[in-house]
Amino acid sequence: MSGPPPPEAEVHDDADVVAQSLEQPELFARLYDRYAHDIHRYVTRRLGEGAADDITADTFLTAFRIRGRYDPTRDNARPWLYGIAGNLIGKQRRKEVRTLKALARTGHDPVAESWVEETESRVAAQAPLAGALAALPAGDRHVLLLVAWADLSYQEVAEALDIPIGTVRSRLSRARRKVRTSLGADPAFVPDTQEVI
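Model, not experiment: these values are computed from the prediction. Per chain, residue numbering runs from 1 following the sequence as it is written. Predicted model: local features are reported for residues with pLDDT of at least 70 only, side-chain atom pairs are reported and counted for 80 or more only, and whole-chain, interface and lining totals are derived from all residues. Note: side-chain values were computed over all heavy atoms of the structure, leaving out hydrogens and water.

**Digging into the packing of aromatic side chains**
Here's step 1: Whether two aromatic rings pair depends on their centres lying within 6.5 Å, for rings of Phe, Tyr and Trp, where Trp uses its six-membered ring; planes under 30 degrees apart make the pair stacked, over 60 edge-to-face, and the rest tilted. Enumeration according to the criterion identifies 4 aromatic pairs in this entry.
Here's step 2: Measuring from centroid to centroid gives 5.4 Å for Phe28 and Phe64, while their planes differ by 75 degrees, and the two rings are edge-to-face. One end of the pair, Phe28, is in the loop between helix H1 (14-21) and helix H2 (29-47); the other, Phe64, is in helix H3 (residues 49-65), and 36 residues separate them in sequence.
Here's step 3: Geometrically, the ring pair formed by Tyr32 and Phe60 is edge-to-face, given 5.0 Å between the ring centres and 70 degrees between the ring planes. Taken together, the residues Tyr32 in helix H2 and Phe60 in helix H3 connect sequence positions 28 residues apart.
Here's step 4: Looking at Arg45, its charged tip hangs above the ring of Trp149, at a distance of 4.4 Å from the centre.
Here's step 5: Geometrically, a charge over a ring is one whose NZ (Lys) or CZ (Arg) sits within 6 Å of the ring centre while staying within 35 degrees of the ring normal. Directly above the aromatic system of Phe64 lies the positively charged group of Arg67, at a separation of 3.9 Å from the ring centroid. Helix and strand assignments follow DSSP, with helices taken as H or I runs no shorter than four residues and strands as E runs no shorter than two, numbered in order from the N terminus.

If you want it as structure tokens, here you go:
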């Protein structure tokens, strides 16, 4: 049995936590403490409260199992964890699309109601947006939601999905254009915002 985990000061970044957890598995709990809330919130937005607990738990279980393959040059494990969560979400993609289509029909978003005061205009605005999101190809939707709901940078999305940053930019641009068009905006008159890197 190993002794108590070393003080926080001895672990400098997420890569250190992962590396040291190979010898002291209990240290991996630090990643859970740092990121579980963010992963849970993101999964809740994508799949609903019912799936969020399971997907979040599976994300960290998977990460723990494959921690030996973690790239030690990445100081921040957040994109890696979002990538794992994204893969698990992908397995439930059909359910997600059905949920978004139901939201488009009803305008009822139980996640938004849990943290935003319900107003008729907000509920009415959600239905078209949900329909527009459901109509996006899965890759475009995933990039858009990682930027919008998980607040990841372009580089973090690229790391999470293991795709080039240029692909992130093109998918995000295409998704924004399609959503704007679906919502009735003329894309020619709406500037496409770019992240400053």
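**Re the side chain of Arg67**
Here's step 1: With respect to the element layout, Arg67 can be found in the loop between H3 and helix H4 (78-90).
Here's step 2: One buried charge, Arg67, has no salt-bridge partner; the nearest side chain with opposite charge is Glu26, at 8.4 Å.
Here's step 3: Here a polar contact is taken to be a pair of N or O atoms separated by no more than 3.5 Å, where protein atoms must pair a possible hydrogen donor with a possible acceptor and residues adjacent in sequence count only if both atoms sit in side chains. Of the polar contacts made by the side chain of Arg67, one reaches the side chain of Ser21; its length is 3.1 Å.
Here's step 4: When residues no more than four places from it in sequence are discounted, the contact partners of Arg67 are Val18, Ser21, Leu22, Pro25, Phe28 and Trp80. Relative accessibility under 20% of the residue-type maximum defines a buried residue, over 50% an exposed one, and the middle range a partly exposed one, all with a 1.4 Å probe and only protein chains included. When charges are counted, Lys and Arg contribute as positive and Asp and Glu as negative, whereas His and the chain ends are disregarded. The working definition used for a salt bridge is a side-chain nitrogen of Lys or Arg within 4 Å of a carboxyl oxygen of Asp or Glu. In what follows, residue pairs with any heavy atoms lying within 4.5 Å of each other are defined as contacts.

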